[in-house]
There are 2 protein chains.
Amino acid sequence: MSDISPIRATSGTNQEGTSAHNRRVMMDALRLNGALSRADLARATQLTKQAVSNIIEELERDGFVVSLDAVRKGRGQPSTPYRLVPEGAFAIGLQIDRHLTRAVAVDLVGTVLVRAEAKLPPDDPHGGVKIILGVVESIRRDLAAISALSEKRIVGLGVAMPGPFGLEEFGDNKWMMPAWQKYPLLETLAAGTGLDISLQNDSAACAIAERMVGAAHGLDHAVCLYVGYGIGAGLILNGELYRGGSGNAGEIGMALLSPRGSDGAVLEHRASLASLYQQLELDPSETGLYDHVAALALAEDPALVAWVRDAAMDLRWSVQLIETLFDPETVILTSGAPEALARLIVEAMLPLPLSIANRPGRTLPRLQLGITDPWSIALGAAAEPIGRAFDPRYSAILKTRSGG
Amino acid sequence: MSDISPIRATSGTNQEGTSAHNRRVMMDALRLNGALSRADLARATQLTKQAVSNIIEELERDGFVVSLDAVRKGRGQPSTPYRLVPEGAFAIGLQIDRHLTRAVAVDLVGTVLVRAEAKLPPDDPHGGVKIILGVVESIRRDLAAISALSEKRIVGLGVAMPGPFGLEEFGDNKWMMPAWQKYPLLETLAAGTGLDISLQNDSAACAIAERMVGAAHGLDHAVCLYVGYGIGAGLILNGELYRGGSGNAGEIGMALLSPRGSDGAVLEHRASLASLYQQLELDPSETGLYDHVAALALAEDPALVAWVRDAAMDLRWSVQLIETLFDPETVILTSGAPEALARLIVEAMLPLPLSIANRPGRTLPRLQLGITDPWSIALGAAAEPIGRAFDPRYSAILKTRSGG
DNA sequence: GTAATAAGTCAAGTCAGTTGACTTAATAAG
DNA sequence: CTTATTAAGTCAACTGACTTGACTTATTAC
């Protein structure tokens, strides 16, 4: 009676899968277009008016959508638009970084309702998790104060932390968090919160945030270049986050800068905030670091500007690389750094080198500045469970339980 | 009554989509596992025995599967395995290269049944298309001689040619085929053959071939590094070919070799066969070129070996880059070059630089040599329509016609 | 006013997969 | 050598999500 079959196959599907898909399609259409009537939805999704009516009726009963005032737009019966109910679902997002943790609660449309942060002891996952659980607990309390039924409608806890994951020994790389890699974090969080847990690296979280409420909203192919303590690329391919075979896709910070360089220099060594801190002799665990860097950027501090000019050369190259390999509709630069610094970096990166992105008929810029709010990683972490619960996805159509 | 709606939405689905998906799932499971009983299929696909029975009955009636002898394997009624019928479907694959065109006819399981090639006049798409249509016509005649009902069962014509596509002016790049880029090739072929046409670049075709009958068979994440006249990467991501926003993903030959290099050198300049021909002062349109190069490789000609050593440095780097960005299960090196040369290249590329692919528990090698048969591009081109018709895919589930 | 147009509902119909009991055919155990 | 057990596969009724086509409602164009 072994359930483990050596047979490889995709799962089949049935009416349940169909129904689940169509419900997700409705939610997605409403998120992307704001408010749509049943007739609009029928046209957009290719379903019949009647099918849409049934689904909308159910979604309204379940509290995910509400009708607005009827609108007259020419001949014919006025249409009744529907929009998403923000309070239809909530998720908690958690950023775990080297020196601090941030948590947010968001609603169905991505509005941040509650936020909290705390310092983390370095290299002490055991103590760190206690702090994290406390932060999550306080977030849930605050959220419950805002919306009474929130507790029943939390779809999950998304966690974002620096990757890569699952690499046993990679030297004592300061860009990684070795002690945390070995700690059974997800299991502990699941047990401590009772929520569904998902894990992404920080760049992936940024990309998800950009897709939900930022520059990648509604795009099927976008790459989010995240310049934080390390550097990574969050990949939106075919409308979904791409994770790769072992969940570590997009670790562009580890890309070798040159085939011939004997020093093994990688992008992260030269263009990450870690390299900035090193060059300016700043302490990464310093409390006022963010404001300090913001002030330096606004004042166009010569040492900082020199670093920017240098880093921008490597980043231009990485954008060319991303365009060449992924052919995205746009590349979005995001950063854990203050907006002033991110702006300097983007300006210094222009003009970009020639690539296949230089094509006629472009409507989006090749490179744009994304969300620079330092809370965006936690937001992206929170957006993942929402997307998993409500966005149309191949895997959501498939059967998961045995049918007999 | 405009059909063009500004509303963005994913298509919904219905029973037809469900049914289409499940049929594809069955075909896919049989292709991956060789032969399976109805009970095996039910377990693997999570459908009920009854649902599988109905579907298999229909597939058998339509000539896509046949039963084999019952096998006894312990207690219980013996099971009756089913396998794909190779003659269930055929496709034609067409490689269009700078100096020649190759066409093959393959069956449902990827066996090449017929092949033909012809020289092409350089930079003359109008004359070239006439030759191509003649080649396709002869392939169809030969195929009809083998299988009487083949004509009714041809699912499409796959075309592979060097990319990138759709870039108006990119200089007079010798790696591209500018005259062909402007010619309405697909329309002409569709009109001339009456078949469904699909277009890929040559690296993508290689990847599809590897997935159907080569090293990537059954893998969900694999990258195929194709070293031909140019260099490209064919991307199998989440079990499907990834094309990017404008169909040009994977053009790694155009990746800049270094952020700081002022010369704008790209991979293709140093590691493509074009660069080999240049360095050895060979004429790319020379008739016996393939055998000539094979002989040089077997003899370990010093000039060729020197080029290999040099190119391998750049290719090692590109593999590290691919692993870092895509996190595939394996990287497959394929080439239009003779196998002896491809082997020299792979050997010279080892050991590979450190990357996130250095992880515990790997079962597949980081780099392996793929199909080196020069017909593999045409095979991959032919495999695309087969996959489109029979492999489970998200888009195959969605409704395409209006439902009222 | 009346026709045209469009949103939305009603009620019956379709069909792919599900359910649960049943049949068939083999082997292990006593 | 009989019997219990196990597993493949079938039968026939059922379910439920979407479809169909006619109908109602509400608005604007002429």
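Because the structure is predicted, anything quoted here is derived from the model rather than measured.

Thresholds, definitions, all that
- Residues numbered from 1 in each chain as written.
- Chains lettered and ligands numbered in written order.
- Predicted model: local features only at pLDDT ≥ 70, side-chain atom pairs only at ≥ 80, totals over all residues.
- Helix = DSSP H or I, 4+ residues; strand = E, 2+ residues; numbered from the N terminus.
- Rg over C-alpha atoms; globule rule 2.2 N^0.38 Å.
- Buried ≥ 20, exposed ≤ 12 C-beta atoms within 10 Å, placed from the backbone.
- Contact = placed C-beta atoms within 7 Å.
- Near = placed C-beta within 6 Å.
- Domains from an automatic or database assignment.
- Nonpolar A, V, L, I, M, F, W, Y, C, P; charged D, E, K, R; others polar.
- Pairing = 2+ DSSP bridges.
- Axes fitted to C-alpha atoms, helices over the stretch in contact; angles between N-to-C directions.
- Least-squares fit on C-alpha atoms with pLDDT ≥ 70 in both.
- UniProt positions renumbered as here; feature names shortened; annotations may be inferred.
- Parallel < 35°, antiparallel > 145°, perpendicular 65-115°, else oblique.
- Left-handed = near helix turned anticlockwise from the far one by under 90°.
- Core = buried A, V, L, I, M, F, W, Y, C linked by C-beta atoms within 7 Å.
- Expected span 1.5 Å × (residues − 1).
- Bend = angle between axes of the 7 residues up to and from the residue.

**Quick notes on the overall build of chain A**
In terms of regular secondary structure, chain A is built from 14 helices and 13 strands. A compact globule built from 404 residues should have a C-alpha radius of gyration of about 22 Å, and chain A, at 23 Å, falls within 12% of that. The principal-axis extent of the C-alpha atoms belonging to chain A is close to 65 × 55 × 50 Å. Burial status across chain A gives 50% buried among its 404 residues. Contacts in chain A between residues far apart in sequence, at least 24 positions, make up 67% of those at least 6 positions apart.

**Side note on the protein's contact with DNA strand C**
Around DNA strand C there are 31 residues in total, and A:Asn14, A:Ser37, A:Gly76, A:Thr80 and B:Asn22 lie nearest to it. Only helix H2 (38-45) and helix H3 (49-61) of chain A together with helix H1 (15-33) and helix H3 (49-61) of chain B provide two or more residues apiece to the surface near DNA strand C.

**Considerations on the domain arrangement of chain A**
Here chain A is described as being made up of domain 1 (15-84), domain 2 (88-206 + 379-390) and domain 3 (216-370). Centre-to-centre separation of domain 1 of chain A and domain 3 of chain A, based on C-alpha positions: 39 Å.

**Topic: the protein's contact with DNA strand D**
Looking at DNA strand D, there are 32 residues lining it, with A:Asn22, A:Thr48, B:Asn14, B:Gly76 and B:Thr80 nearest. Secondary-structure elements contributing two or more residues to the surface near DNA strand D are helix H1 (15-33) and H3 of chain A together with helix H2 (38-45) and H3 of chain B. Here the residues of the surface near DNA strand D are counted per class, giving six nonpolar, 20 polar and six charged.

**Here's the deal with the sheet that holds strand E13 (residues 367-369) of chain B**
Either a parallel or an antiparallel arrangement is found when strands of a sheet pair, and the pairing is made through backbone hydrogen bonds. Residues and elements named next belong to chain B. Read across the open sheet, the five strands follow the order E11-E10-E9-E12-E13; overall the sheet is mixed. Here the strands that pair on one side only, and so sit at the sheet edges, are strand E11 (240-241) and E13. The sheet contact formed by strand E9 (residues 222-227) and strand E10 (residues 231-237) spans six bridges and is antiparallel. If you follow valine 223 over to E10, its bridge partner there is leucine 235. Against the sheet, helix H12 (residues 339-349) engages E9, strand E12 (330-335) and E13, with an angle of about 165° to E13.

**Focus: unusual backbone geometry**
Each neighbour pair has its own omega, and for A:Gly163 with A:Pro164 the value is -5°, a cis peptide bond. Turning to its location among the elements, A:Pro164 is positioned in the loop between strand E7 (154-161) and helix H5 (178-182). A cis geometry characterises the amide bond from B:Leu350 onward to B:Pro351, with omega recorded as -5°. Unlike most non-glycine residues, A:Asp123 shows phi in positive territory, near 55°. Positionally, A:Asp123 belongs in the loop between strand E6 (112-119) and helix H4 (125-146). Accessibility expressed as a C-beta count within 10 Å gives 12 for A:Asp123, which makes it exposed. In this structure, A:Glu281 takes a positive phi of about 55° despite not being glycine. Here A:Glu281 shows up in the loop between helix H9 (273-279) and helix H10 (289-298).

**Considering the relation of the copies chain A and chain B**
The relation between the two copies of this chain is a rotation about an axis and a shift parallel to it. Of the two same-sequence chains, chain A is brought onto chain B (RMSD 0.0 Å, axial shift 0.0 Å) by a rotation of 180°. The superposition operator between the copies reduces to a two-fold rotation axis. Here 100% of the interface residues in chain A have copies in chain B that are interface residues too; the copies meet face to matching face.

**Points about the environment of B:His292**
Tracing the backbone shows B:His292 in helix H10 (residues 289-298). Between the C-alpha atom of B:His292 and that of B:Leu282, which follows or precedes it by 10 residues, the distance is 9.5 Å.

**Examining the sheet that holds strand E5 (residues 100-107) of chain A**
All names here are of chain A. Strand order in the open sheet formed by five strands is E6-E5-E4-E7-E8, with mixed pairing between adjacent strands. This sheet does not close on itself; its edge strands, each paired only once, are E6 and strand E8 (197-201). The average undirected angle you get between the axes of adjacent strands in this sheet is 20°. Across seven bridges, strand E4 (residues 90-96) lies against E5 in antiparallel orientation.

**Things to note about the UniProt feature "domain: HTH marR-type" (unreviewed entry) in chain A**
If you check UniProt for "domain: HTH marR-type" (unreviewed entry), the listed places come out as residues 29-75 of chain A in our numbering. The distance separating the terminal C-alpha atoms of residues 29-75 of chain A is 25 Å; by composition the span is 55% helix and 13% strand.

**Here we look at the interface of chain A and chain B**
Contact with chain A, which involves 73 residues of that partner, is made by 73 residues of chain B. In terms of residue count, the dominant contributor to the side of chain A that touches chain B is H1(A) (10 residues). For the side of chain A that touches chain B, the per-class residue count stands at 31 nonpolar, 30 polar and 12 charged.

**Brief notes about the packing of H2(A) against H3(A)**
Residue and element names in this part refer to chain A. Two elements in contact, H2 and H3, have axes separated by 9 Å at closest approach and are oriented at 120°. Relative to H3, H2 is oriented oblique. The handedness of the crossing between H2 and H3 is right-handed. When H2 is examined against H3, the residues Arg38, Ala39, Leu41, Ala42 and Thr45 are found in contact with a partner set consisting of Lys49, Val52, Ser53 and Ile56. Looking at side-chain class alone, the contact of H2 with H3 contains five nonpolar, two polar and two charged residues.

**Some thoughts on the packing of H4(A) against helix H6 (residues 185-193) of chain A**
All names here are of chain A. H6 packs onto H4 with a crossing angle of 35° between their chain directions and a minimal axis gap of 11 Å. For the crossing formed where H4 meets H6, the hand is right-handed. Of the residues in H6, those touching H4 at Pro125, Val129, Leu133 and Val136 are Leu185, Thr188, Gly192 and Thr193. In terms of residue class, the contact of H4 with H6 is built from five nonpolar, three polar and no charged.

**Brief notes about the nonpolar core**
Membership of the largest hydrophobic core comes to 233 residues, with the highest contact counts inside it found for A:Leu94, A:Leu225, B:Leu94 and B:Leu225. The residues contacting B:Leu94, other than those within four sequence positions of it, are B:Thr101, B:Ala103, B:Ile132, B:Val136, B:Leu157, B:Gly158, B:Val159, B:Ala160, B:Ala378 and B:Ala381.

**A few points about helix H11 (residues 302-326) of chain A**
Residue and element names in this part refer to chain A. Helix length check: H11 (25 residues) gives 35 Å between terminal C-alpha atoms against 36 Å at 1.5 Å per residue, within 8%. The sharpest bend along H11 comes to roughly 25°, located at alanine 312. Directly beyond the C-terminal end of H11, a positive phi value near 50° is found at aspartate 327.

**Description of the pairing of E7(A)**
Residue and element names in this part refer to chain A. Among the eight residues in E7, eight count as buried, and that is most of the element. With five bridges joining them, E4 and E7 adopt parallel strand pairing. Looking at E7, one finds that glycine 93 is bridged to glycine 158. Pairing of E7 with E8, which is carried by five bridges, proceeds in the parallel orientation. Across the sheet, valine 159 pairs through a bridge with leucine 199, a residue of E8.

**Section: the environment of A:Leu354**
All names here are of chain A. With respect to the secondary-structure elements, leucine 354 resides in the loop between helix H12 (339-349) and strand E13 (367-369). The partly exposed category is assigned to leucine 354, around which 15 C-beta atoms lie within 10 Å. Along the chain, leucine 354 and arginine 140 lie 214 residues apart, while their C-alpha atoms are 49 Å from each other.

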